[in-house]
Amino acid sequence: MVCPYDVIVWMEDKKTVGKCNMCCDRLDRGEEPACVATCFSGALQLITTDSIDQRDDLENEMIGFEHHKDVKPRIRFVKKFKSVLQTESE
């Protein structure tokens, strides 16, 4: 996976990968991260962690993405996308 905004990059001086900071400068201005703002399909959404438990259209797992309970990931998948992928793979 490649970030089209060059946010996730190899930092040679630190010998590590620079991680996404969710465009914190944009969030501070009340804007969405660049990837969410430019996602024309609506596949990327920014929601608060408080609202995750209140939504019944989200799931923790999707075909091809293992849910690691030990690291408590914050990513969630909208059920309608999961059903489309299941239909294609069956």
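Residues numbered from 1 in each chain as written. Predicted model: local features only at pLDDT ≥ 70, side-chain atom pairs only at ≥ 80, totals over all residues. Heavy atoms only, no water.

Draft legend 1. Examining the pattern of salt bridges more closely. By the definition in use, this model includes 4 salt bridges. Two residues, Arg29 and Glu31, come together in a salt bridge whose shortest N-O distance is 3.1 Å. In this structure Arg29 comes out as exposed when scored by relative accessible area, which is 51%. On the basis of relative accessibility, which here comes to 32%, the residue Glu31 falls in the partly exposed class. Connected through shared salt-bridge partners, Asp25, Arg26, Arg29 and Glu31 make up one network. (Salt bridge = Lys/Arg side-chain N within 4 Å of Asp/Glu carboxyl O. Buried < 20%, exposed > 50% of the residue type's maximum accessible area, 1.4 Å probe, protein only.)

Draft legend 2. Molecular detail of the state of the cysteines. Considering all chains together, one arrives at 0 disulfides under this definition. Not engaged in a disulfide, the cysteine Cys23 finds its nearest cysteine sulfur in Cys20; these two sulfurs lie 6.2 Å apart. Note on Cys23: relative accessible area 16%, which makes it buried. (Disulfide = S-S within 2.5 Å.)

Draft legend 3. Inspection of the environment of Lys79 at higher detail. By secondary structure assignment, the location of Lys79 is in helix α4 (residues 79-89). Residues in contact with Lys79, not counting those within four places in the same chain, are Asp56, Asp57, Leu58 and Glu59. (Helix = DSSP H or I, 4+ residues; strand = E, 2+ residues; numbered from the N terminus. Contact = heavy atoms within 4.5 Å.)

Draft legend 4. Highlighting unusual backbone geometry. Non-glycine residue Lys15 carries a positive phi angle of around 55°. Residue class for Lys15 comes out exposed when judged on its relative accessible area of 53%. Although it is not a glycine, Cys23 adopts a positive phi angle of roughly 50°. Position of Cys23 relative to the elements: it lies in the loop between β2 (16-18) and α1 (24-28).

Draft legend 5. Representation of the environment of Gln45 within the structure. If you trace the backbone, Gln45 turns up in the loop between α2 (34-37) and α3 (49-52). Each C-alpha atom, one on Gln45 and one on Pro33, is 9.5 Å from the other, the two residues being 12 residues apart in sequence. Contact partners of Gln45, with chain neighbours within four places excluded, come to Val36, Arg55 and Val78.

Draft legend 6. Looking closely at the confidence of the model for the protein chain. Here the protein chain shows a mean pLDDT of 75. Residues at 70 or above account for 80%. Across the protein chain, element-level confidence peaks in α1 with a mean pLDDT of 92 and bottoms out in α4 with 51. (pLDDT = per-residue confidence, 0-100.)

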